[in-house]
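Commentary on secondary and tertiary structure
Here are the chains, one letter per residue:
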Amino acid sequence: MTGEPRTVIFDFGGVLVDWNPRYLYRRLFPDDPAGMERFLAEVCTQDWNQCQDAGRPWVEAVAELVARHPAQADLIRAYRERWEETLSGAIDGSVAILGEVRDAGHRLYGLTNWSHETFPLARARFPFFDWFDGIVVSGEEQLIKPDPRLFTRLLERYRVDPARAVFIDDSPNNVEAAAALGIHGIHFRSPSALRDELTALGVLP
């Protein structure tokens, strides 16, 4: 893959943006970390949040959960009302690499599992989202990674040749899904490891 410009596709959460609901809920459970973990494991779970990533409206998601856990209503509503507090900030080392990939002349795309209602809040906060030639948001497509149809949406929409593409994600399942479509997948572990892998591929000098 050395030499010519190619397409580099970035996941966002866990790669470029440090997102975790614990950043919010540590404030709401200041003296009860075990209680916070139970709440996130039993009430506002990853599976529940993933339904919003797949396009479910937040108002519906919150109402459904409040009906099931009325005693936790305020904590549940906080997930949406204070959602911006789940963002710690940018992962600076990765953003620096993103800039170098852009400066090297490669095409940049984003492929993210994210609610279509909350992604605009993150996009307004982080200017580097404007560096992308295109972004596919799962909530807008009502599909989530690792569904191959979401990857195919990006490939077809932006006429990306999978053999000339690199995909970076912190989830091994998503990387495997990309590889099954002929995309070179990189499992993100750290900015330094990512830099090494992109350099080995010839994406970075």
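To be clear, the structure that these remarks concern was listed above.
I will try to describe carefully the structure that is included in this document. Only a predicted model underlies this, so the values are computations on that prediction, with no experimental measurement involved.

Scoring rules and cut-offs
- Residues numbered from 1 in each chain as written.
- Predicted model: local features only at pLDDT ≥ 70, side-chain atom pairs only at ≥ 80, totals over all residues.
- Heavy atoms only, no water.
- Helix = DSSP H or I, 4+ residues; strand = E, 2+ residues; numbered from the N terminus.
- Rg over C-alpha atoms; globule rule 2.2 N^0.38 Å.
- Buried < 20%, exposed > 50% of the residue type's maximum accessible area, 1.4 Å probe, protein only.
- Contact = heavy atoms within 4.5 Å.
- Pairing = 2+ DSSP bridges.
- Axes fitted to C-alpha atoms, helices over the stretch in contact; angles between N-to-C directions.
- Salt bridge = Lys/Arg side-chain N within 4 Å of Asp/Glu carboxyl O.
- Core = buried A, V, L, I, M, F, W, Y, C linked by side-chain atoms within 4.5 Å.
- Arc of directions from axis to C-beta.
- Parallel < 35°, antiparallel > 145°, perpendicular 65-115°, else oblique.
- Left-handed = near helix turned anticlockwise from the far one by under 90°.
- Nonpolar A, V, L, I, M, F, W, Y, C, P; charged D, E, K, R; others polar.

Along the backbone of the chain there are eleven helices and seven strands. For 205 residues, the compact-globule formula gives about 17 Å, and the C-alpha radius of gyration of the chain, at 18 Å, lands near that figure. Each principal axis of the C-alpha atoms in the chain carries an extent, and together these give about 60 × 30 × 30 Å. Here the chain, with 205 residues, has 47% of them falling under the buried criterion. If you take every contact in the chain between residues at least 6 apart in sequence, the share linking residues at least 24 apart comes to 68%.

Here we take up the sheet that holds strand β6 (residues 165-169). With respect to topology, five strands assemble into an open sheet ordered β5-β4-β1-β6-β7, the strand pairing being parallel. Two strands bound the open sheet, and with one partner strand each, they are β5 (134-137) and β7 (184-187). Averaged over all neighbouring strand pairs, the angle between strand axes comes to 20 degrees, with direction disregarded. Here strand β1 (residues 7-10) pairs with strand β4 (residues 107-112) via four bridges, running parallel. Within the sheet, the bridge partner assigned to T7 lies in β4 and is R107. Across the face of the sheet, helix α10 (residues 172-180) comes into contact with β6 and β7 while running at roughly 165 degrees to β6.

Counted under the stated rule, the structure contains twelve salt bridges. The salt bridge involving D74 is made with R77; its shortest N-O contact spans 3.7 Å. Here the residue D74 and the residue R77 both occupy positions in helix α5 (residues 73-81), the gap between them amounting to three residues, near one helical turn. Residue class for D74 comes out exposed when judged on its relative accessible area of 64%. D147 is paired through a salt bridge with R149; the nearest N and O atoms lie 2.7 Å apart. With a relative accessible area of 51%, R149 lands in the exposed category.

Within the largest apolar cluster, 50 residues are counted, with the highest numbers of intra-cluster contacts made by F10 and Y25. Beyond its immediate sequence surroundings of up to four residues, Y25 is in contact with M36, F39, L40, C44, L75, I76, A78 and Y79. Judged by nonpolar contacts, the second largest core, of 15 residues, contains Y109, L111, L150 and L154.

Here we take up helix α9 (residues 148-157). Within α9 the residues assigned to the buried category are L150, F151, L154 and L155. For α9, the angular spread of the buried residues around the axis is 140 degrees, confining them to a single face. Facing away from the buried side of α9, by more than 90 degrees, are the exposed residues R149 and E156. Where the residues of α9 are buried, they touch β1, β4, β5, α8 (138-141), β6 and α10. A positive phi of about 55 degrees marks R159, the residue just after α9.

Before going further, it helps to examine the packing of helix α3 (residues 46-53) against helix α4 (residues 58-68). In contact at an axis separation of 9 Å, α3 and α4 are set at 155 degrees when each is read in the N-to-C sense. Taken as axis vectors, α3 and α4 run roughly antiparallel relative to one another. The two elements α3 and α4 meet at a crossing, and its hand is right-handed. Residues W48, N49 and Q52 of α3 pack against W58, A61, V62, E64 and L65 of α4. Classifying every residue of the contact of α3 with α4 gives five nonpolar, two polar and one charged.

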